[in-house]
Amino acid sequence: MDLEKGPREEPGGEGRLAVALRMPVRIVVLVLVVPVRMVWDALVVAGRFLGDRVFRPVGRALLWVGRAVLVWPFVALWRWVLVPLWRWVLVPLGVALRWLGTVLVVVPAAALYRWVLTPLGHAAVWFCARVLTPLGRGLFVVPAVWLYRWVLTPVGHALLWCGRGLAWLGSLLVTGIGTALYWTVRVLVVLPVYAVWRRLLAPVGRALAVVAREVGAAFGHAWRIAGYISLAVGRALAVFFRWTLVEPARWVYRTVLTPVGHAVRDAVLRPVAEAARSVGRVTRDALRSVRVTARQVRRDVRRALGMPAGPAGIGTREKRPAGR
């Protein structure tokens, strides 16, 4: 891997600092990042395995249990209890209550509004328009207009003129004080702060920015290189386990266990199964013969005692072939 790849800097102050810091920082960061990347890759593989083999089946089981415990009972309650209750009980009850409300409340209220409140309202409007309005205009409106025009308006104009003069004087004082404060703050605070920023903080900030950029680039290169190293180590471990565990186990299974299993199956299991089937057939035939003999003896005893042998099919049955 080429650790020197990256943006080339001009041979200035920042470029020389970046060139001086780049290689040591990348080496140190690579040494620190490789174990972290390998642990991260191992955790990623373990997390994928656990997610596929453990968490996903457990999640499906919990989802099914949650549906069975939480969803399905409420669905059944809604479908078989609440909906029929609403449809067959609450809706007719609401219709009945609405009819009762209409008959007992709405119709009397409409009649009261139409035949009592409306005439009273019309009478009140006529009284206000014909009596109270002329009386109020003569007693209050004319004196109020005269007072506003000949007293309040001149006094307001005089106060407005005095207020404008005071405002001009205040603005003049505020402007002078503000100008003095501005130059005082600029001379005593702004110019020294600007000088410190330009001469001290800006160069230090640029140097810190170069250091931070190089450290970030070093972490990026180190993370990619650690990924390749982790991949190579993982492949090596996979090959090692394959040739030390998987391939020997496969060879033992294919070369030793499979022929032994076939031999045991052919030499032991199949003869034992055939013998068990033969014993079963012989036992069934013997039991069938015993049953037939018992029926024959019972029939002979009935005949000897003078009893009827019974209907056909009870004392004797048709003998089935032995092989069925």
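Residues numbered from 1 in each chain as written. Predicted model: local features only at pLDDT ≥ 70, side-chain atom pairs only at ≥ 80, totals over all residues. Heavy atoms only, no water.

Turning our attention to the overall build of the protein chain. What the protein chain contains, in helices and strands, is 1 helix and 0 strands. When burial is assessed residue by residue, the protein chain has 9% of its 324 residues classed as buried. Sequence separation of 24 or more characterises 62% of the internal contacts of the protein chain that already satisfy a separation of 6 or more. Total accessible area on the protein chain is roughly 26,700 Å²; 74% of this is exposed by carbon and sulfur atoms. (Helix = DSSP H or I, 4+ residues; strand = E, 2+ residues; numbered from the N terminus. Buried < 20%, exposed > 50% of the residue type's maximum accessible area, 1.4 Å probe, protein only. Contact = heavy atoms within 4.5 Å. Areas by Shrake-Rupley, 256 points an atom, 1.4 Å probe, with all protein chains shown as cover.)

It is worth spelling out the pattern of salt bridges at this point. Applying the stated criterion across every chain, the model contains 8 salt bridges. Notably, a salt bridge pairs Arg270 with Asp266, separated by 3.3 Å at the nearest N-O pair. In this pair, Arg270 and Asp266 are both assigned in helix 1 (residues 13-304), 4 residues apart and thus about one turn of the helix distant. Across the pair Asp285 and Arg288 runs a salt bridge, and its minimum N-O distance is 2.9 Å. In this pair, Asp285 and Arg288 both sit in helix 1, 3 residues apart, roughly one turn of the helix. (Salt bridge = Lys/Arg side-chain N within 4 Å of Asp/Glu carboxyl O.)

Quick look at the nonpolar core now. A general trend in soluble globular proteins is that nonpolar side chains are found buried together. Val29, Leu30, Val33, Val34, Ala218, Ala222, Ile225 and Ala226 form the largest nonpolar core, which has 8 residues in total. Apart from the residues lying within four places of it in its own chain, the contact partners of Ala226 are Val33, Val34 and Arg37. (Core = buried A, V, L, I, M, F, W, Y, C linked by side-chain atoms within 4.5 Å.)

As a volume, the largest pocket reaches approximately 260 Å³. Lining the largest pocket we find Arg37, Met38, Asp41, Ala42, Val45, Gly227, Ser230, Leu231, Val233, Gly234, Arg235 and Leu237. Residues that form the lining of the largest pocket fall into these classes: 6 nonpolar, 3 polar and 3 charged. (1 Å grid on protein atoms, 1.4 Å probe; cavity = no way out; pocket = protein on both sides within 12 Å on 5 of 7 lines; lining within 4 Å. Points joined across faces, edges and corners; volume = space filled by probe spheres on them. Nonpolar A, V, L, I, M, F, W, Y, C, P; charged D, E, K, R; others polar.)

Okay, the confidence of the model for the protein chain next. For the protein chain, mean pLDDT is 81; residues scoring 70 or higher make up 88% of the total. The model gives residues 1-13 a pLDDT under 50, and that stretch makes 17 contacts with residues more than four places away or in other chains. Here residues 312-324 scores under 50 on pLDDT; set against residues more than four positions off or in separate chains, the count is 10 contacts. (pLDDT = per-residue confidence, 0-100.)

Time to look at the packing of aromatic side chains. The description of an aromatic ring pair rests on the distance of the ring centres and on the angle between the ring planes. Inspection of every chain in the model, using the stated rule, returns 3 aromatic pairs. Arranged with centres 6.0 Å apart and planes meeting at 85°, the rings of Trp64 and Trp72 form a pair that is edge-to-face. Look at Trp64 and you get exposed, because its relative accessible area is 53%. Between Tyr182 and Trp183, the ring centres sit 5.4 Å apart and the planes meet at 75°, which makes this aromatic pair edge-to-face. Taking relative accessible area as the criterion, Tyr182 reaches 44% and is therefore assigned partly exposed. Residue class for Trp183 comes out partly exposed when judged on its relative accessible area of 48%. (Phe/Tyr/Trp six-rings, centres within 6.5 Å; stacked < 30°, edge-to-face > 60°.)

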